[in-house]
Amino acid sequence: MAAVTPLASGERGVHLELEEVESALLRSLAGQLLDFVAPDDTESEDPLVALVGLDPTASTPEDPALRRLLPDAYLGDDESSAQFRRYTERDLRAAKARNAEAVIRDLDAGGASFDVVGERVPAWLGFLNDTRLTLGVRLDVSEDSVEELADLPDDDPRATLYQVYDWLTFLQESLIQRLLLDDSS
């Protein structure tokens, strides 16, 4: 099982030790998240629009998981939300994609044992959060459903997905706890 330990150097970050299957799973999830959130890179007809990163066609996603990752900014005000989305969604998608790419680079470079330091710490935490949110929507996780999901029989297709969600929760919590312990030292 994944181990999150302090860095020997005293630098802010953690050492992550994964089993090969965990490393492969994270690599796969990061690739899937990257495909899921990557901004559309089609060329804009208006060079100014492309230069400042506006997305004049941005709209509230139909996919519930993508809606969770890219929520409306103003509840009950569709016009303001649409305007805000046009100015921010492209950058938000790009940031989420960069987080997934950082995770992929770490896994490709370090395999199953590497340090997560510097700007890669928030990238890892962002990736884990986005992946958990996506899986949580797919599983319909709520305070009321956690026990039911944890007790699913092995032949239920949601059982494995919930186990991945639960493991990501453990990994995210371990990273955060280790970082908080380092900050309090």
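Residues numbered from 1 in each chain as written. Predicted model: local features only at pLDDT ≥ 70, side-chain atom pairs only at ≥ 80, totals over all residues. Heavy atoms only, no water.

Chemist: Quick rundown of the overall build of the protein? Include the residues and the values.
Modeler: From N to C terminus, the protein includes seven helices and three strands. In sequence order, the protein lays out its α and β elements as β-β-α-α-α-α-β-α-α-α. Summarising its shape, the C-alpha atoms of the protein cover approximately 50 × 45 × 30 Å along the three principal directions. Buried residues in the protein amount to 39% of all 185 residues. When contacts within the protein are restricted to residue pairs at least 6 apart in sequence, those whose partners lie at least 24 apart make up 71%. Accessible surface, the protein as shown: approximately 10900 Å² in total, 51% of it carbon and sulfur. (Helix = DSSP H or I, 4+ residues; strand = E, 2+ residues; numbered from the N terminus. Buried < 20%, exposed > 50% of the residue type's maximum accessible area, 1.4 Å probe, protein only. Contact = heavy atoms within 4.5 Å. Areas by Shrake-Rupley, 256 points an atom, 1.4 Å probe, with all protein chains shown as cover.)

Chemist: Which residues make up the pattern of salt bridges, and what are the values?
Modeler: This structure, assessed with the given rule, holds eight salt bridges. Note that Asp-63 is salt-bridged to Arg-138, the shortest N-O span being 2.9 Å. On the criterion of sequence distance, the pair formed by Asp-63 in the loop between helix 2 (47-52) and helix 3 (64-69) and Arg-138 in helix 5 (residues 120-139) is long-range, its members being 75 residues apart. Since its relative accessible area comes to 25%, Asp-63 is described here as partly exposed. Here Arg-138 falls in the partly exposed class, since its relative accessible area comes to 42%. Between Arg-93 and Glu-89 there is a salt bridge; the shortest N-O distance is 2.9 Å. Pair noted here: Arg-93 and Glu-89 are both in helix 4 (residues 78-110), with a separation of four residues, about one helical turn. Accessibility assignment for this pair places Arg-93 and Glu-89 in one class, buried. (Salt bridge = Lys/Arg side-chain N within 4 Å of Asp/Glu carboxyl O.)

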